[in-house]
Amino acid sequence: MPKTAVPVFTEPFVLYQSALLNTYTERVIHGFTGKPITLGGQACPPEQARANRALVCQHTGLSLNRLTLPRQTHTDQFRLNDTPCERETDAVILTETGVAAMVQVADCVPVILYEPVRHIGAVIHAGWRGTAQSITAKVAQTLFEQHQASPKHLLAVIGPSIGGCCYEVSPEVAEQVSQTIPQATASLYTSLSVNDKPKIDLKQVNALQLEALGVSQVEIIPACTLCDSERLWSHRRGEPGRQVALLELKPQ
Ligand SMILES: [Zn+2]
């Protein structure tokens, strides 16, 4: 699979895109933002977040007037299309064109799904809690079972997040996360840290959850939020900023 390690642009904000989804630029707007702008977080005044959302929409072509921005609570809950702001959910399934969806992250794994034959997709926030509850697999399964998507056609992109290089967790967390995939392989545990705590690769776990459902077209964007302090916000670095994964389906 192609690997996009370099953002497509860095001014006025960093934007990563997927090589897989960039073959469908006529049909879908997508991306993963980065510094220097922040799209949320407790330290971000609402008017600043609003202005930065408008900037992102202006530079990506995303619809500001029908923008879904859920309140995320580390669950396995997801909703369909327009979700009023402040409504709790950790993923948005898009089946309508002209509806934009964003999920905020700052180490957690953002996932974008797109099925070009059915022309439907989803954005997902998967931290360790969401990953342990298999939110990515549950959303994909819903696309297959309720919206006639096919695993064969589904494209999945796993965006910038804390990498296996840096994500040190407790043995209990590592255990909960690894139980979500049939083959808990040694590659999930990249190494033991200096504190003898396991490091896990959450991106890889989300990819393996999808592969277990028959999805073979999975692209992982290798950027790590903790390694790349220049381009990406990291909660573990103590930063208050938030980046987003964004998706909108264009009219066909
Ligand atoms: Zn790293």
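**Q** If you had to explain the overall build of the protein to someone new, which residues and values would you point to?
**A** A tally of regular secondary structure across the protein gives 5 helices and 13 strands. Taken along its principal axes, the extent of the C-alpha atoms in the protein is 50 × 40 × 35 Å. The buried share of the protein, reckoned over its 252 residues, is 48%. Sequence-distant contacts, at least 24 apart, represent 66% of the contacts inside the protein between residues at least 6 apart.

**Q** Before we move on, could you go through the sheet that holds strand β1 (residues 15-16) and cite the residues and values that matter?
**A** Strands sit in the order β1-β2-β13-β6-β3 across an open sheet of 5 strands; the sheet is mixed. Only two strands of the sheet have a single neighbouring strand rather than two, namely β1 and β3 (67-68). Pairing geometry for β1 and strand β2 (residues 28-33), over 2 bridges, is antiparallel. By the bridge assignment for β2, Leu15 is matched with Thr33.

**Q** Quick one: what's the story with the nonpolar core, residue by residue and with numbers?
**A** Formed by 71 residues in total, the largest nonpolar core has its most connected members in Met102, Leu113, Ala122, Val123, Val139 and Ala156. Once residues lying within four places of it in the same chain are set aside, the contact partners of Ala156 are Val111, Leu113, Leu210, Val215, Gln217 and Val218.

**Q** So what about the pairing of strand β5 (residues 91-94)? Which residues, and what values?
**A** On β5, burial covers both faces: Ala91 and Ile93 on one face and Val92 and Leu94 on the other are all buried. Across 2 bridges, strand β4 (residues 79-80) lies against β5 in parallel orientation. Following the sheet pairing, Leu80 is matched in β5 by Ile93. Alignment of β5 against strand β8 (residues 120-126), held across 4 bridges, turns out to be antiparallel.

**Q** With reference to specific residues and values, describe the sheet that holds β4.
**A** Strand order in the open sheet made by the 6 strands is β4-β5-β8-β7-β9-β12, with mixed pairing throughout. Of all the strands in the sheet, just β4 and β12 (217-220) have a single pairing partner and so form its edges. Lying over the sheet, helix α3 (residues 135-147) contacts β5, β7 (109-115) and β8, oriented at roughly 160 degrees with respect to β8. In the packing of helix α5 (residues 202-211) onto the sheet, the strands contacted are β7, β8, β9 (155-158) and β12, and the crossing angle to β12 comes to about 175 degrees.

**Q** Break down α3 for me, with residues and values.
**A** Every α-helix winds through 3.6 residues per turn, so residues three or four apart in the chain are directed the same way. Taking 1.5 Å per residue, 13 residues should reach 18 Å; α3 reaches 17 Å between its end C-alpha atoms and fits that length. Buried residues of α3: Ile135, Thr136, Ala137, Val139, Ala140 and Leu143, and no others. In this fold, the buried residues of α3 make contact with β5, β7, β8, α2 (128-132) and α5. At the exit of α3 stands Gln148, carrying a positive phi of roughly 60 degrees.

**Q** Explain α5 to me, and be specific about the residues and the numbers.
**A** With 9 of 10 residues buried, α5 is to be regarded as a mostly interior element. Every buried residue of α5 is accounted for by Leu202, Lys203, Gln204, Val205, Asn206, Ala207, Leu208, Gln209 and Leu210.

**Q** Any chance you could break down the environment of Tyr114 for me, citing the residues and the numbers?
**A** Summarising the element assignment, Tyr114 is placed in strand β7. Judged by C-beta crowding, with 28 C-beta atoms within 10 Å, Tyr114 ranks as buried. Separated by 41 residues in the primary sequence, Tyr114 and Leu155 have C-alpha atoms spaced 5.2 Å apart. Residues in contact with Tyr114, not counting those within four places in the same chain, are Leu21, Tyr24, Val28, Gly121 and Leu155.

About the thresholds
Residues numbered from 1 in each chain as written. Predicted model: local features only at pLDDT ≥ 70, side-chain atom pairs only at ≥ 80, totals over all residues. Helix = DSSP H or I, 4+ residues; strand = E, 2+ residues; numbered from the N terminus. Buried ≥ 20, exposed ≤ 12 C-beta atoms within 10 Å, placed from the backbone. Contact = placed C-beta atoms within 7 Å. Pairing = 2+ DSSP bridges. Core = buried A, V, L, I, M, F, W, Y, C linked by C-beta atoms within 7 Å. Axes fitted to C-alpha atoms, helices over the stretch in contact; angles between N-to-C directions. Expected span 1.5 Å × (residues − 1).

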